[in-house]
Amino acid sequence: MRRKIVAGNWKMNTLLQDGKDLAEAVKKKAGQGLPENVTLILAPPFTHLAGIKQILPDNIGLAAQNCASENSGAFTGEVSAAMVASTGAEYVIIGHSERRLYNKETDAELNKKLKLALSAGLSPIFCCGENLHEREKGIHSEVVRKQIELGLADISEEEFKNIIIAYEPVWAIGTGQTATPDQAQDMHRFIRIQLEGMYGSKTAGDTTILYGGSCNPSNAGVLFANSDVDGGLIGGASLKADDFLAIANSF
Ligand code: PGA
């Protein structure tokens, strides 16, 4: 049975103490019980990782929002995958659309990041998704197919088993406009079929594919009810412990 995951991408929000308070609140609420087979992951800013690791119980995962595409050296301001792992984080988000857009991250660079993250022992949460223009032109499947194919180039089946996929239509991120349950299911199915071609049906069937984009307590239930939607990557709604846990409880 594949794992269900609800991951909170805090983006560039919360000062250190606010982040610690939020992690404490999530821990407390999660301690009251979660649906079976659901894992929570928190992705705070880099500066909070080591401190929040001290707060979280073993059953709540910790993720960075990015890592460098180089191992070490003269790359001022960068944080390597191994550094992320050294904080105790187990996951790293790679290829979020905001980084693809604002930081001009290319498929080739994301492929390097994925490989470095895997060799540091991290589980990458690899994001893909089309923008509004691409959806309106009807080329959304092709765009996502290419992101997956190029992003995962030369990653073996054994390595891939550590990767979580997040489908995040860019037009739904932070806009309040969610993909319909059918749009989400169709794309998740499409991604799983593509993974089948790359890694076989067993591995594709075991892959957790998250939906992201304006997911909140009122729409999570209908999104997660789809057979290929295995949870969510949550932005805005992950900044409130009540909302984040309500989403996790809507399976
Ligand atoms: P949102 O962000 O939930 O605020 O739309 C999702 C994401 O960017 O991961």
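Residues numbered from 1 in each chain as written. Predicted model: local features only at pLDDT ≥ 70, side-chain atom pairs only at ≥ 80, totals over all residues. Heavy atoms only, no water.

Participant: How would you explain the site of the ligand if you had to name every residue and give the values?
Facilitator: Surveying the vicinity of the ligand reveals 13 residues, the closest of which are K11, H96, E168, G174 and S214. One nitrogen or oxygen atom from the side chain of E168 is found 2.7 Å from an oxygen atom belonging to the ligand. Measuring from an oxygen atom of the ligand, one finds a backbone N or O atom of G174 at 2.6 Å. For the ligand, whose unbound accessible area comes to 280 Å², protein coverage reaches 95%. Considered class by class, the residues forming the shell around the ligand number four nonpolar, seven polar and two charged. (Near = heavy atom within 4 Å. Polar contact = N/O pair within 3.5 Å; in protein donor to acceptor, adjacent residues only side chain to side chain. Areas by Shrake-Rupley, 256 points an atom, 1.4 Å probe, with all protein chains shown as cover. Nonpolar A, V, L, I, M, F, W, Y, C, P; charged D, E, K, R; others polar.)

Participant: How would you summarise empty space enclosed by the protein if you had to cite specific residues and measurements?
Facilitator: Counted under the stated rule, the structure contains one cavity of 30 Å³ or more. Taken as a whole, the largest cavity encloses approximately 30 Å³ of empty space. Broken down by secondary-structure element, the contributors of at least two residues to the lining of the largest cavity are α4 (97-102) and β5 (123-128). Here the lining of the largest cavity is built from residues that sort into two nonpolar, five polar and two charged. (1 Å grid on protein atoms, 1.4 Å probe; cavity = no way out; pocket = protein on both sides within 12 Å on 5 of 7 lines; lining within 4 Å. Points joined across faces, edges and corners; volume = space filled by probe spheres on them. Helix = DSSP H or I, 4+ residues; strand = E, 2+ residues; numbered from the N terminus.)

Participant: Explain the side chain of N226 to me, and be specific about the residues and the numbers.
Facilitator: Checked against the element boundaries, N226 lands in the loop between α11 (220-224) and β8 (231-234). Looking at N226, the relative accessible area reads 14%, which means it is buried. Polar contacts involving the side chain of N226 include one to the main-chain carbonyl oxygen of P181, which spans 3.5 Å. Once residues lying within four places of it in the same chain are set aside, the contact partners of N226 are P181 and Q185. (Buried < 20%, exposed > 50% of the residue type's maximum accessible area, 1.4 Å probe, protein only. Contact = heavy atoms within 4.5 Å.)

Participant: Please give an account of the pattern of salt bridges that cites residues and values.
Facilitator: As enumerated under the stated definition, the model contains 19 salt bridges in all. Ionic pairing is found between K115 and D154, a salt bridge with its closest N-O pair at 4.0 Å. With K115 in helix α5 (residues 107-119) and D154 in the loop between α7 (140-151) and α8 (157-160), this pair connects stretches of sequence that are 39 residues apart. Ionic pairing is found between D228 and R192, a salt bridge with its closest N-O pair at 2.5 Å. In this pair, D228 sits in the loop between α11 and β8 while R192 sits in helix α9 (residues 181-199), placing the two residues 36 residues apart along the sequence. The exposure class of D228 is buried, given its relative accessible area of 3%. Given the relative accessible area of 2%, R192 is considered buried. Among the charged side chains, a network of salt bridges with common partners joins R2, R189, R192, E196, D228 and D230. (Salt bridge = Lys/Arg side-chain N within 4 Å of Asp/Glu carboxyl O.)

Participant: Describe in detail the pairing of strand β4 (residues 91-94), supporting the description with residues and values.
Facilitator: On β4, burial covers both faces: Y91 and I93 on one face and V92 and I94 on the other are all buried. Of the strand pairs in this sheet, strand β3 (residues 60-64) and β4 are connected by two bridges, and their pairing is parallel. In the sheet register, A64 faces β4, and the bridge partner there is V92. Taken together, β3, helix α3 (residues 81-86) and β4 constitute a β-α-β crossover, and its handedness is right-handed. When β4 meets β5, the two strands line up parallel, connected through four bridges. If you follow I94 over to β5, its bridge partner there is F126. (Pairing = 2+ DSSP bridges. Right-handed = clockwise from strand over helix to strand, strands pointing away.)

Participant: Could you give an account of the layout of surface pockets, with specific residues and numbers?
Facilitator: The space that makes up the largest pocket amounts to roughly 420 Å³. Residue lining of the largest pocket: 15 residues in total, with K11, M12, Q65, E98 and R99 positioned closest to the centre. Among the elements that take part in the lining of the largest pocket, α4 stands out by supplying three residues, more than any other. Its residues assigned to classes, the lining of the largest pocket comprises six nonpolar, six polar and three charged.

Participant: Mind laying out α9, listing which residues take part and the relevant values?
Facilitator: Note: α-helices contain 3.6 residues per turn, so residues at a spacing of three or four share the same orientation. Helix length check: α9 (19 residues) gives 26 Å between terminal C-alpha atoms against 27 Å at 1.5 Å per residue, within 8%. For α9, the complete set of buried residues consists of A184, Q185, M187, H188, I191, R192, Q194, L195 and Y199. Looking one or two residues beyond α9, the residue adopting positive phi is G200, at roughly 90 degrees. (Expected span 1.5 Å × (residues − 1).)

Participant: I'd like a rundown of the pairing of strand β7 (residues 209-212), residues and numbers included.
Facilitator: Judged by which residues are buried, β7 turns out to be covered on both faces: I209 and Y211 on one side and L210 and G212 on the other are all buried. Examined bridge by bridge, strand β6 (residues 164-167) and β7 share three bridges and lie parallel to one another. Within β7, the position partnered with Y167 by the bridge is Y211. Where β7 lies against β8, two bridges are found, and the strand directions are parallel. Across the sheet, residue Y211 finds its bridge partner in β8, namely G232.

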